[in-house]
Each structure stands twice: as structure tokens, then as C-alpha cells.
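Breakdown of the fold
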Amino acid sequence: MPLPDRRDLIADAAITTVATAGLRGLTHRAVDAAAGLPSGSTSYYFRTRSALISACYLRLAELSVADVGRWEAEHGPTDPDSAAEALAALLHHWLTVERDRQLARFELSLEATRRPELRADLLTAGLAARSKAASVLAALGAPHPASAADLLVAWTDGLLYDWLAGATAGTRPVPDVTELTPVVRRMLAAVLST
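Okay, the packing of helix α4 (residues 49-75) against helix α7 (residues 119-139) next. Where α4 contacts α7, the two axes come as close as 8 Å, and the packing angle between them is 10 degrees. Between α4 and α7, the crossing angle belongs to the class labelled roughly parallel. Residue-level contacts link Ser54, Tyr57, Leu58, Ala61, Val65, Val68, Gly69, Trp71 and Glu72 of α4 to Asp121, Leu122, Thr124, Ala125, Ala128, Ala129, Lys132 and Val136 of α7. A class-by-class count of the residues in the contact of α4 with α7 yields eleven nonpolar, three polar and three charged.

For the structure shown, the criterion picks out 15 salt bridges. Note that aspartate 67 is salt-bridged to arginine 70, the shortest N-O span being 2.3 Å. Separated by three residues within a single helix, aspartate 67 and arginine 70 lie in helix α4, roughly one turn from each other. Each of Asp8, Asp12, Arg59 and Glu62 takes part in a single network of salt bridges with overlapping partners.

Applying the stated rule across the entire model yields two aromatic pairs. Taken together, a centroid distance of 5.0 Å and an interplanar angle of 85 degrees make the contact between tyrosine 44 and tyrosine 45 edge-to-face. Judged by relative accessible area, tyrosine 45 falls into the partly exposed class, the value being 26%. Ring geometry for phenylalanine 106 against tyrosine 161: centres 5.2 Å apart, planes inclined by 85 degrees, an arrangement best described as edge-to-face. Remark: tyrosine 161 occurs in helix α8 (residues 145-164) and phenylalanine 106 occurs in helix α6 (residues 99-114); sequence separation between them is 55 residues. For tyrosine 161, a relative accessible area of 38% puts it in the partly exposed group. The ring of phenylalanine 46 has arginine 7 sitting right over it, with the charged end atom 5.2 Å from the ring centre. Positioned above the aromatic ring of phenylalanine 106 is the side chain of arginine 105, whose terminal nitrogen or guanidinium carbon lies 4.8 Å from the ring centre.

How each quantity is defined
Numbers given to residues run from 1 along each chain, matching the order in which its sequence is written. The predicted origin of the model limits local features to residues at a pLDDT of at least 70 and limits the giving and counting of side-chain atom pairs to 80 or more, whereas totals for whole chains, interfaces and linings rest on all residues. Based on all heavy atoms of the structure, the side-chain values leave hydrogens and waters out of the count. Here an angle of 0 to 180 degrees is reported between the N-to-C directions of two axes, which are lines fitted to C-alpha atoms, with helices fitted over the stretch in contact. In this text, helices come from DSSP runs of H or I with a minimum length of four residues, and strands from runs of E with a minimum of two, each type numbered from the N-terminal end. The cut-offs work like this: below 35 degrees is roughly parallel, past 145 is roughly antiparallel, 65 to 115 is roughly perpendicular, and the gaps in between are oblique. Any two residues whose heavy atoms approach within 4.5 Å at even a single point are treated as in contact. Here the term charged refers only to Asp, Glu, Lys and Arg, the term nonpolar to Ala, Val, Leu, Ile, Met, Phe, Trp, Tyr, Cys and Pro, and the term polar to all other amino acids, Gly among them. Counted as salt bridges are all cases of a side-chain nitrogen of Lys or Arg within 4 Å of a carboxyl oxygen of Asp or Glu. Pairing of aromatic rings covers Phe, Tyr and Trp, the last through its six-membered ring, and needs centres within 6.5 Å; plane angles under 30 degrees mean stacked, over 60 mean edge-to-face, and all others mean tilted. Relative accessibility thresholds used throughout: buried, under 20% of the residue-type maximum; exposed, over 50%; partly exposed, between the two (1.4 Å probe, protein chains only). Working rule: Lys NZ or Arg CZ, within 6 Å of ring centre, within 35 degrees of ring normal, means a charge sits over the ring.

Structure representation (C-alpha cells):
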């Protein structure tokens, strides 16, 4: 397995730092430590905190698009029923294995609402996710894949947020794939008819 690119390594460490310590804990020094790099490495690649946050947005989008790409390669959107099962498995993965990544994504997204200089990279990241969703939905026969993708991404974000950070997060177990599948099936049916 090849070693990760230094920028990716730093962005991954920054995402982990945000997930565990919040945005207040996101410092160049903390990211150096989390990445196991010499002091000053993060600031060499990302001079400002804004640049580091922007790198997180772009890396999060890259990782999410790669997750969907792996899902597509393994399952292929052959029909809405099998797509619902595969998407339920992906959501379960994001709720469990990639839980920290999702928490960091929500926290980092909120930062862009207060700092306009971050909006462009957040938009780029969001458009990448929507583009990938639109291509999957087009393959499933959505008459308007772009608007269907907007709905699917919004629904997915809402579900993830509710289970990971919402008012009742942590008070109930994460649903398993068999519990998520009928929910996803209903949502896919709704977005495919849009």
C-alpha cells in the first residue's frame, strides 16, 4: 500500500483533530502531533488555519466520493432495490467506522457559515458529492438526476446528523443495515420520482 501524500496525511490528521477536539483544538501544532510529523510541517503546507480548514473540506469530499465509487464498483446501481441495500450499507459504514469523519464534516461545514472566505471550498466539496450522487441516480433512471441528487444528499446529511449529533444521538443504538434498508428504499423511491 503506497504511503499517503503529505497533504492528504495532514488533512486526515486535521479531520481527526476536529472530530476529537473540535475546531478549538485545530491548531497547526496539534495536527503535526496527530500526523506524527515534525513541528512546522502543517504550517509549511497550509500556512493559515483557513487553508487547513479548506484542505479538510476538499479531503472530506474526496473521501466521500471515493466511498461512493467503491460502493458503485462493488454493487453497481443495477436497480433501485439493490441500490437501496448498498446505500444502507454505506450509511451504516458512515455511522460507525467513519463516524468521526462525519462529525468533523458537520463541524467544519458550520464554520463556513461564519467565515465567508471558506464558502468557495465548501461549495466545491458539496458539488463533488452532488455530482457523484447525480451520476448514480441517472444510472438508476432518475428523470432529473441533479435535483434528485440535491434531495438525496440533503436527506443523507439529515439522517447522519440526527444519529451522530442530533438531540437523541447517543441515546439509541445505531441502526443496522437491515433497519436502514427500508428507510433508504423509501427515500430512493421518492427521489427517483422527482
